[in-house]
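# Survey of secondary and tertiary structure
Here is what each chain is made of, one letter per residue.
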Amino acid sequence: MVTNPLPAFPPGFLWGVSTSAHQIEGAVDKRDASVWDAFTAEPGRVKDGSTAEVACDHYHRYREDVALLRDLGVDAYRFSVSWPRVTHEGGLDFYDRLVDELCAAGVRPVPTLFHWDLPLGLDWLERDTAARFADHAARVADRLGDRVDRWITLNEPAEHTLLGHALGAHAPGRTLLFDALPVAHHQLLAHGLAVRALRAGGATDIGIANSHGPTWPASGRPEDVEAADFYDVLLNRLFADPLLLGRYPDGIAALLPGDVESDLKVIAEPLDWYGINYYQPTKVGAPEGTESEFSGLTLPAELPFSVRKIDGYPVTDFGWPVVPEALTELLTGFRERYGERLPPVVITENGCSYEGLDDQERIAFLDGHLRALHAAMAAGVDVRGYFVWSLLDNFEWAEGYARRFGLVHVDYGTQARTPKSSYRWLHNVLREQAGKARG
Ligand code: GBH
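Values in this document were obtained by computation on a predicted structure and should not be read as measured data.

### Details of the sheet that holds strand β6 (residues 215-217)
- Spatial strand order, β6-β8-β11: three strands in an open sheet with mixed pairing. The sheet is open, and its two edges are formed by β6 and β11 (306-308), each paired on a single side. This sheet shows a mean twist of 45° between the axes of neighbouring strands, independent of strand direction.
- Judged from the three bridges that link them, β6 and strand β8 (residues 282-285) form a sheet pairing that is parallel.

See below:
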């Protein structure tokens, strides 16, 4: 049981929860197909053989879900706008209704414009997809911009590149290893072009949600340190450096297509804030010459690093280690590396998968990570908000419905929503924090 009250977060700190379209909406007949539909249809791609055709049926139950948000007491809701729904006749109407419902409930809408469900037929290996994404962004903003003032361009281009195009665990299922690098570059370019398009339409509060975590070398041996540094480039610096410093880490630009120098000017459009999705640190060592297992993935032997097990910490149902203090380390490390170039930070995702309605482990996870976040703020990192992943149990990509990340339990047979203990706990935290902010 967690009993000590959390330290006070500053007035104006934004409390929220996150979801994504493909993981909760369902209503597949009311949108065009995405690469995830095609991927899911291939046998063996999704562990329990499930699809996202219905998911949490949020498309039809959004009113009930917004009521859950309102009763939870969050300031903001991060959801994603499904690009293949926007391309479908009448698809934007759904987001119009959702945003109205959120505004009426006093919950600020924070849409993400791409969370992995690329329209089928588009391809991030093609440079043109970046321009298409900017058009998509402009179209959504044109419709919702009178009620939405904060935007997120992309969700985790790193994971989409790595899992979707390098290792084949996510849609579109390619196993290109390092030949997947153009996918990273084109997403970053898409981000920059979207920032310009959104600003041209009057938007003033734009960020991105990147997946980051500290990389720990397996030992002090130079070969382990070198391998860990390489992994750190792939997960962290490949994305943060171009966005925040306007350059790629050494050796990367030469591997990318096109006029990289001129693209970097677009990619480095100043951001109003920088979103970080944090889950866990990764321990990395020199290659061991064999395949290795990593979060349900098989990493090929030819990679110049190997991922090692982190011992000595509790693990979630997914097997991910629970290391709250690595969030403090991550944030202070970012502040050191990027200095004044780092805009205010928002934690756009943090959460864990556990079974059960009385989810004391989730409470302990969130409590620990909020304390770690507060410690980073006390050490001088400017953090403006925190979003829990996720409001609801949902379609966890290649894991299907087996992993439950929600504050609210979903019975996929009846679609009944049942708030878990963590939901009530967060509700109390938010009430307590509001009281503190009033002084
Ligand atoms: C996010 O990605 C996604 O944005 C979201 O859609 C998803 O539902 C959510 O997280 C939960 O998965 O084996 O211990 O090293 C998270 C990216 C990449 C974080 C893999 C955990 C490996 C854990 N994840 N990583 S470990």
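### Some remarks on a negative patch on the surface
- Taken together, the side chains of Asp317, Glu355, Asp358 and Glu361 make up a negatively charged region of the molecular surface.
- Examined against the element boundaries, Asp317 turns out to sit in the loop between β11 and α11 (325-338).
- Residue Asp317 is classed as partly exposed on the basis of its relative accessible area, which comes to 37%.

### Thoughts on the sheet that holds strand β5 (residues 206-211)
- Taken in spatial order, the eight strands close into a barrel running β1-β2-β3-β4-β5-β7-β12-β13, and their pairing is parallel. On average, adjacent strands in this sheet sit at an angle of 25° to one another, irrespective of strand direction.
- Relative to strand β12 (residues 345-349), strand β7 (residues 274-277) runs parallel, the two being bridged by four bridges. Residue pairing in the sheet places Asn277 in a bridge with Glu349 of β12.
- Across the sheet, helix α7 (residues 157-166) touches β3 (108-114), β4 (151-155) and β5, and the angle it forms with β5 is around 40°.
- Relative to the sheet, helix α9 (residues 222-245) contacts β5 and β7, its axis offset from that of β5 by approximately 165°.

### Observations concerning the nonpolar core
- Grouped together as the largest cluster of nonpolar side chains are 138 residues, with contacts concentrated most on Val17, Tyr274, Leu331 and Leu373.
- Per-element accounting of this core gives the leading share, twelve residues, to α9.
- Apart from residues no more than four positions distant in its own chain, Tyr274 is found in contact with Ile208, Asn210, His212, Ala240, Leu243, Leu244, Phe334, Leu342, Pro343, Pro344, Val345 and Val346.
- Counting eight residues, the second-largest nonpolar core is a separate cluster that includes Ala209, Trp273, Val346 and Phe387.

### Digging into the side chain of Ser211
- Along the chain, the position of Ser211 falls in strand β5.
- Ser211 sits in the buried class, given a relative accessible area of 8%.
- In this structure the side chain of Ser211 is engaged in a polar contact, spanning 2.7 Å, whose partner is the side chain of Glu159.
- For Ser211, the contacting residues outside a window of four places in its chain are Glu156, Glu159, Leu235, Asn236 and Asn277.

### Observations concerning the UniProt feature "binding site: substrate" (unreviewed entry) in the protein chain
- Taking the numbering used here, the UniProt-annotated feature "binding site: substrate" (unreviewed entry) corresponds to Gln23, His115, Asn155, Tyr279, Trp389, Glu396 and Trp397. Narrowing the list just given to those that line the largest pocket leaves Gln23, His115, Asn155, Tyr279, Trp389, Glu396 and Trp397.
- Looking at where Tyr279 falls in the secondary structure, it is placed in the loop between β7 and β8.
- In terms of polar contacts, Tyr279 uses its side chain to reach the side chain of Glu349, at 2.5 Å.

### Considering the layout of surface pockets
- Quantified by volume, the largest pocket comes out at close to 1100 Å³.
- In this structure, the largest pocket is lined by 49 residues; those nearest its centre are Phe294, Ser295, Leu297, Phe318 and Trp320.
- Secondary structure elements with two or more residues in the lining of the largest pocket: α7, α9, β8, β9 (292-294), β10 (297-299) and β11.
- Looking at the lining of the largest pocket, the element that brings in the most residues is α7, giving three residues.
- Across the lining of the largest pocket, the residue classes tally to 22 nonpolar, 16 polar and eleven charged.
- Taken as a whole, the second largest pocket holds about 290 Å³ of empty space.
- Contributions of two or more residues to the lining of the second largest pocket are made by β6, α9 and α11.
- A total of seven residues in the lining of the second largest pocket trace back to one element, the largest contributor, which is α9.

### Points about the pattern of salt bridges
- Under the definition given, this model contains 40 salt bridges.
- Between Glu25 and Arg85 there is a salt bridge, and its shortest N-O distance comes to 2.8 Å. Placement of the pair is Glu25 in the loop between α1 (21-24) and α2 (35-41) and Arg85 in helix α4 (residues 83-86), with a sequence separation of 60 residues. Across this residue pair, the class does not change: Glu25 and Arg85 are buried.
- Between Asp93 and Arg143 there is a salt bridge; the shortest N-O distance is 2.7 Å.

### As for the site of the ligand
- Every one of the 17 residues lining the ligand counts as a neighbour, but Gln23, His115, Glu156, Phe294 and Glu396 are closest to it.
- The contact in question runs from an oxygen atom of the ligand to an N or O atom on the side chain of His115, over 2.9 Å.
- With respect to the ligand, the side chain of Trp389 contributes an N or O atom lying 3.2 Å from an oxygen atom.
- If you map the ligand onto the pockets, it falls in the largest pocket.
- In terms of residue class, the shell around the ligand is built from eight nonpolar, five polar and four charged.

### Comments concerning unusual backbone geometry
- Along the chain, Ala171 connects to Pro172 via a cis peptide bond; the corresponding omega equals 5°.
- Following the sequence through the fold, Pro172 ends up in the loop between α7 and α8 (181-200).
- For the peptide bond that leads from Trp389 to Ser390, omega is 15°, which places it in the cis range.
- Here Ser390 is to be found in the loop between β13 (383-389) and β14 (408-411).
- Of note, Asp57 is a non-glycine position whose phi angle comes to about 50°, a positive value.

Rules of the game
Residues numbered from 1 in each chain as written. Predicted model: local features only at pLDDT ≥ 70, side-chain atom pairs only at ≥ 80, totals over all residues. Heavy atoms only, no water. Pairing = 2+ DSSP bridges. Helix = DSSP H or I, 4+ residues; strand = E, 2+ residues; numbered from the N terminus. Axes fitted to C-alpha atoms, helices over the stretch in contact; angles between N-to-C directions. Patch = residues over 30% accessible without salt bridge, like charges linked within 9 Å, V, L, I, M, F, W, Y side chains within 5 Å. Areas by Shrake-Rupley, 256 points an atom, 1.4 Å probe, with all protein chains shown as cover. Salt bridge = Lys/Arg side-chain N within 4 Å of Asp/Glu carboxyl O. Lys, Arg positive; Asp, Glu negative; His and termini not counted. Charge placed at Lys NZ, Arg CZ, Asp CG, Glu CD. Buried < 20%, exposed > 50% of the residue type's maximum accessible area, 1.4 Å probe, protein only. Contact = heavy atoms within 4.5 Å. Core = buried A, V, L, I, M, F, W, Y, C linked by side-chain atoms within 4.5 Å. Polar contact = N/O pair within 3.5 Å; in protein donor to acceptor, adjacent residues only side chain to side chain. UniProt positions renumbered as here; feature names shortened; annotations may be inferred. 1 Å grid on protein atoms, 1.4 Å probe; cavity = no way out; pocket = protein on both sides within 12 Å on 5 of 7 lines; lining within 4 Å. Points joined across faces, edges and corners; volume = space filled by probe spheres on them. Nonpolar A, V, L, I, M, F, W, Y, C, P; charged D, E, K, R; others polar. Near = heavy atom within 4 Å. Sits in = over half its atoms within 2 Å of the grid points.

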